[in-house]
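A look at the structure
Here is how the chains run, residue by residue.
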Amino acid sequence: MRNAVRHLADLLKKIIFLGFGIQIILGIVWMCFNLPYFREFGAEGGPVYRLLYPLLTKCYPLTYLLQVLCAFGAGLVCLGKINPGMASAKKWLGGLALLTLPLAMQCHLSVSPYSFAASAFLCGMVSTACAFRNPGKRLREYAKGAVWFAIAPLFVPACFLPGLLTLLVALAASLYRLRKQMGLFARMAVVTAACIGLTAGVFSLDGTALLPDRETVYFHLAGRLCWPKLLADHSVWPEDLQEIYRDSVLEISCYADEMEQSFRPIMLAHFDKETAVEQYRVLMRIARNRHKTLLLKQMAGDFATYLAAPVFLPLQLKGRLSVSYAGRNYEQMLEHTPVLSARYVNFGCVFFPVAGLAAVLAAVLAVAGGSRKISKQNVASGMITLTSSVSLCLVFTLRGAGIADYKGTIAVSLLWMLWMFTATEVGAEASDA
């Protein structure tokens, strides 16, 4: 039995390493061919990104290299935190594996805020989680995680609430564990407040709001619930709204972007913000009552896409999920090297779930073989990363329908890849058991 377990663990390890090796080669080749070409997705970033934007576009090859170096460095930092004893060669291999995830590489080789934000958010998740795995370094790791979570919203503001929620959950868990060390807990709380203040201060200097106002929140919820059946529901809207949108509802219903570009400006041109909120609520109630099942299915599909983008990308490209930006992103990736890009993306989308299943089996073998135990520290670390991942995906899911864009949650896909790679260490331990 032990021999069977050892051979199976070795096989899983080889499958994962072989797949990562192929992905790294394809990714480096793709990067070399596409480095000279300018790409931009027109995303609205945070204050630091907007400040640096003219420089980033003017020297875009250097921007690409800087994003690649930051992403590679983030991978090395995270691997070092999870397994401090990992050999340098293997750590570099893991850093390259994270770097060359196809959907992440698209962010690294484009002028957009997503690459820097993903690197910072990934480091924030891992550092905060490791605060529970290393009790002697709890404050240091927590502080590092808080700093990374403070940096990510400066590039993508939507990262703020998930990062804040993660820190609050970590604080709550620490309060239970540090009942006799309230001084340490107080220092963690001060670090949290300082990082929140830092982020809020930068937004204040930029003249923008860190948190959306009430009208913005309801507008995004209206986009989430109303856009999929906007044209069908127009006839049952209140008469004043029917008249206001009579000439524009058809165009708005065809393109989700028109919710921000046309629907909202028209609404605010006729109503003040408080009245607009009431109108959004009326429209949401109509959509919810008429299409509850469809809306739940679409939200579940978008959430799953954000949570494991490489798995669901092929379904999006075949039109089997709700409308998203996946097709546009894929076309831009194919633009200069269509054959190489197609094979690179296809391999990444196939290898991702295969590696995930292999990693799960490796972990099961390790636990069954007694080389790994499910400790309270590991459970706490898992809850921290789960909170970060789920909340980030939920924030992007609720921003609107028809605008799902996997680039916003690349950090979650990288976290999956990080776990898959470190599972090879688990597999090695299982084979030695």
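Basis of the calculations
Residues numbered from 1 in each chain as written. Predicted model: local features only at pLDDT ≥ 70, side-chain atom pairs only at ≥ 80, totals over all residues. Heavy atoms only, no water. Salt bridge = Lys/Arg side-chain N within 4 Å of Asp/Glu carboxyl O. Helix = DSSP H or I, 4+ residues; strand = E, 2+ residues; numbered from the N terminus. Buried < 20%, exposed > 50% of the residue type's maximum accessible area, 1.4 Å probe, protein only. Phe/Tyr/Trp six-rings, centres within 6.5 Å; stacked < 30°, edge-to-face > 60°. Lys NZ or Arg CZ within 6 Å of the ring centre and 35° of its normal. Core = buried A, V, L, I, M, F, W, Y, C linked by side-chain atoms within 4.5 Å. Contact = heavy atoms within 4.5 Å. Patch = residues over 30% accessible without salt bridge, like charges linked within 9 Å, V, L, I, M, F, W, Y side chains within 5 Å. Areas by Shrake-Rupley, 256 points an atom, 1.4 Å probe, with all protein chains shown as cover. Axes fitted to C-alpha atoms, helices over the stretch in contact; angles between N-to-C directions. Parallel < 35°, antiparallel > 145°, perpendicular 65-115°, else oblique. Left-handed = near helix turned anticlockwise from the far one by under 90°. Nonpolar A, V, L, I, M, F, W, Y, C, P; charged D, E, K, R; others polar. pLDDT = per-residue confidence, 0-100. Expected span 1.5 Å × (residues − 1).

Think of it this way: side chains of opposite charge can pair up when their charged atoms draw near. By the definition in use, this model includes 12 salt bridges. Where Arg 50 meets Asp 206, a salt bridge forms, and the shortest distance between an N and an O atom there is 2.2 Å. Highlighted residues: Arg 50 in helix α2 (residues 47–58) and Asp 206 in helix α9 (residues 182–206), separated in sequence by 156 residues. Judged by its relative accessible area of 38%, Arg 50 is partly exposed. We note a salt bridge from Lys 407 to Asp 405, for which the minimum N-O separation is 2.7 Å. Of the two residues examined, Lys 407 and Asp 405, each falls in the buried class.

Below, the discussion takes up the packing of aromatic side chains. Applying the stated criterion across every chain, the model contains 17 aromatic pairs. Ring geometry for Phe 38 versus Tyr 60: centroids 5.2 Å apart, planes at 75°, classification edge-to-face. With a gap of 22 residues between them, Phe 38 in the loop between α1 (2–34) and α2 and Tyr 60 in helix α3 (residues 60–82) connect regions that are remote in the sequence. The exposure class assigned to Phe 38 is partly exposed, which follows from its relative accessible area of 37%. Through a chain of ring-to-ring contacts, the aromatic side chains of Phe 17, Phe 20, Phe 347, Phe 351 and Phe 421 assemble into a single cluster. Positioned above the aromatic ring of Phe 421, the side-chain terminus of Lys 90 is 5.9 Å from the ring centre.

Take the nonpolar core next. Judged by nonpolar contacts, the single largest core of 98 residues is most densely connected at Phe 20, Phe 121, Tyr 142 and Ile 410. The element that contributes the greatest number of residues to this core is helix α6 (residues 114–133), accounting for 14 residues. Beyond its immediate stretch of four places on either side in the chain, Phe 121 contacts Phe 149, Ala 152, Cys 159, Pro 162, Gly 163, Ser 388, Leu 392 and Ala 411. If you look at the next biggest cluster of nonpolar residues, it comprises 25 residues, including Ala 222, Leu 225, Leu 230 and Met 267.

Structurally, Tyr 37 can be placed in the loop between α1 and α2. The partly exposed category is assigned to Tyr 37, whose relative accessible area is 33%. Linking Tyr 37 and Ser 110, residues 73 residues apart in sequence, is a C-alpha distance of 8.8 Å. If near-sequence neighbours (up to four positions away) are discounted, Tyr 37 is found in contact with Tyr 60, Tyr 64 and His 336.

A surface patch of nonpolar side chains, amounting to about 390 Å² of accessible area, comprises Leu 8, Leu 11, Ile 15, Val 350 and Val 354. Broken down by secondary-structure element, the contributors of at least two residues to the nonpolar patch are α1 and α18 (338–368). The element best represented in the nonpolar patch is α1, accounting for three residues. As for its position among the elements, Leu 8 is in helix α1. For Leu 8, a relative accessible area of 36% translates into the label partly exposed.

What follows deals with the packing of α6 against helix α7 (residues 138–151). For any two helices packed against each other, the geometry comes down to the angle between their axes and how far apart the axes lie. At their nearest, the axes of α6 and α7 sit 7 Å apart, and the two run at 160° to each other. Relative to α7, the element α6 is oriented roughly antiparallel. When you trace α6 past α7, the crossing you get is left-handed. Residues Ala 120, Phe 121, Cys 123, Gly 124, Met 125, Ser 127, Thr 128, Cys 130, Ala 131 and Phe 132 of α6 touch α7, and the partners they reach there are Arg 138, Glu 141, Tyr 142, Lys 144, Gly 145, Trp 148, Phe 149 and Ile 151. Taken together, the residues of the contact of α6 with α7 sort by class into 11 nonpolar, four polar and three charged.

Let's shift gears to the confidence of the model for the protein chain. Counting all residues, the mean pLDDT for the protein chain is 89, and 93% of those residues have values of 70 or more. Throughout residues 426–433 the model reports pLDDT below 50, and contacts reaching past four residues in sequence, or to other chains, amount to 19 contacts.

Structurally, the position occupied by Phe 352 is in helix α18. Contacts of Phe 352, omitting those with residues within four sequence positions, involve Leu 101, Pro 310, Val 311, Ser 413, Trp 416, Met 417 and Met 420.

For helix α19 (residues 376–397), which comprises 22 residues, the first-to-last C-alpha distance of 31 Å matches the rise-based estimate of 32 Å (1.5 Å per residue) to within 8%. Among all positions of α19, only Ala 380, Ser 381, Ile 384, Thr 385, Thr 387, Ser 388, Ser 389, Ser 391, Leu 392, Cys 393, Phe 396 and Thr 397 are buried.

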